[in-house]
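# An overview of the molecular structure
What follows is the residue order along each chain.
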Amino acid sequence: MELVKVKNIVDSRGKLTIVEGSKDIPFDIKRMYFISGVEAKERRGFHAHKKLKQLLVCITGSCKILLDDGKNKHEVFLNDSNQGVLILNPVWREMYEFSQGCVLAVFADEHYNESDYIRDYDIFKKMIER
Ligand code: T46
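Right, let's walk through the structure included here.

Let us now look at the nonpolar core. Buried together is how nonpolar side chains tend to be arranged in soluble globular proteins. By size, the foremost hydrophobic cluster in this structure holds 17 residues, and its most contacted members are Ile 65, Phe 98 and Leu 104. Contributing elements (two or more residues each) for this core: strand 6 (54-60), strand 7 (63-68), strand 8 (73-78), strand 9 (83-87) and strand 11 (103-108). With residues up to four places along the chain from it excluded, the contact list for Ile 65 reads Leu 56, His 74, Glu 75, Val 76, Leu 78, Arg 93, Glu 94, Met 95, Tyr 96 and Leu 104.

Hydrogen bonds between backbone groups are what pair the strands of a sheet, and the pairing can be parallel or antiparallel. In spatial order, the strands read 8-7-10-5-12; together these five strands make up an open sheet with antiparallel pairing. At either end of the open sheet lies a strand with only one pairing partner, and these are strand 8 and strand 12 (117-118). Sheet topology places strand 5 (residues 43-49) next to strand 12; two bridges connect them, and they run antiparallel. Counted as the bridge partner of His 49 is Tyr 117 from strand 12.

Attention shifts here to the pattern of salt bridges. If you walk through the whole model with that rule in mind, you get nine salt bridges. Between Glu 20 and Lys 23 there is a salt bridge; the shortest N-O distance is 3.5 Å. On the basis of relative accessibility, which here comes to 32%, the residue Glu 20 falls in the partly exposed class. Between Arg 119 and Glu 114 there is a salt bridge, and its shortest N-O distance comes to 2.7 Å. The class for Arg 119 is partly exposed, based on a relative accessible area of 46%. Among the charged side chains, a salt-bridge network with shared partners connects Lys 7, Glu 20 and Lys 23.

Cut-offs and rules
- Residues numbered from 1 in each chain as written.
- Predicted model: local features only at pLDDT ≥ 70, side-chain atom pairs only at ≥ 80, totals over all residues.
- Heavy atoms only, no water.
- Core = buried A, V, L, I, M, F, W, Y, C linked by side-chain atoms within 4.5 Å.
- Buried < 20%, exposed > 50% of the residue type's maximum accessible area, 1.4 Å probe, protein only.
- Helix = DSSP H or I, 4+ residues; strand = E, 2+ residues; numbered from the N terminus.
- Contact = heavy atoms within 4.5 Å.
- Pairing = 2+ DSSP bridges.
- Salt bridge = Lys/Arg side-chain N within 4 Å of Asp/Glu carboxyl O.

Here it is in structure tokens:
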């Protein structure tokens, strides 16, 4: 997991947030998805990916992300579209404390594949320890 800078161009008309695959991030982007309308009390995630590479950017608003690589846990507060979380290895993640109007964008290197998810923490820990 790495915190990376995301390009933003701001002028009197507003803000443009830019991510170019294989240029700004070390993979081609095959899929994008956006998480929005999450109430403050909700927690999402509770999984890791076996292979999927991702960049997470809070386009507007803020949220917290817990990242656990099986050894260390980090909490990241994303509150600026200038900042992204780059995930290139299996990391258990939880997203929470979404602000009202928060839009969390995810750029991924693969299409959706449920078999790439590890949704059981004990299985994740065993996989990491192998
Ligand atoms: C991630 C975090 C940050 C699809 O059918 N296609 C898709 O592309 C995605 C992303 C999800 N789904 C289905 C799978 C579930 O039945 O949508 C449902 C909700 O997904 P999930 O509970 O996994 O959502 P989050 O917010 O917990 O996790 C999502 C992504 O799934 C995941 O890749 O890293 O955002």
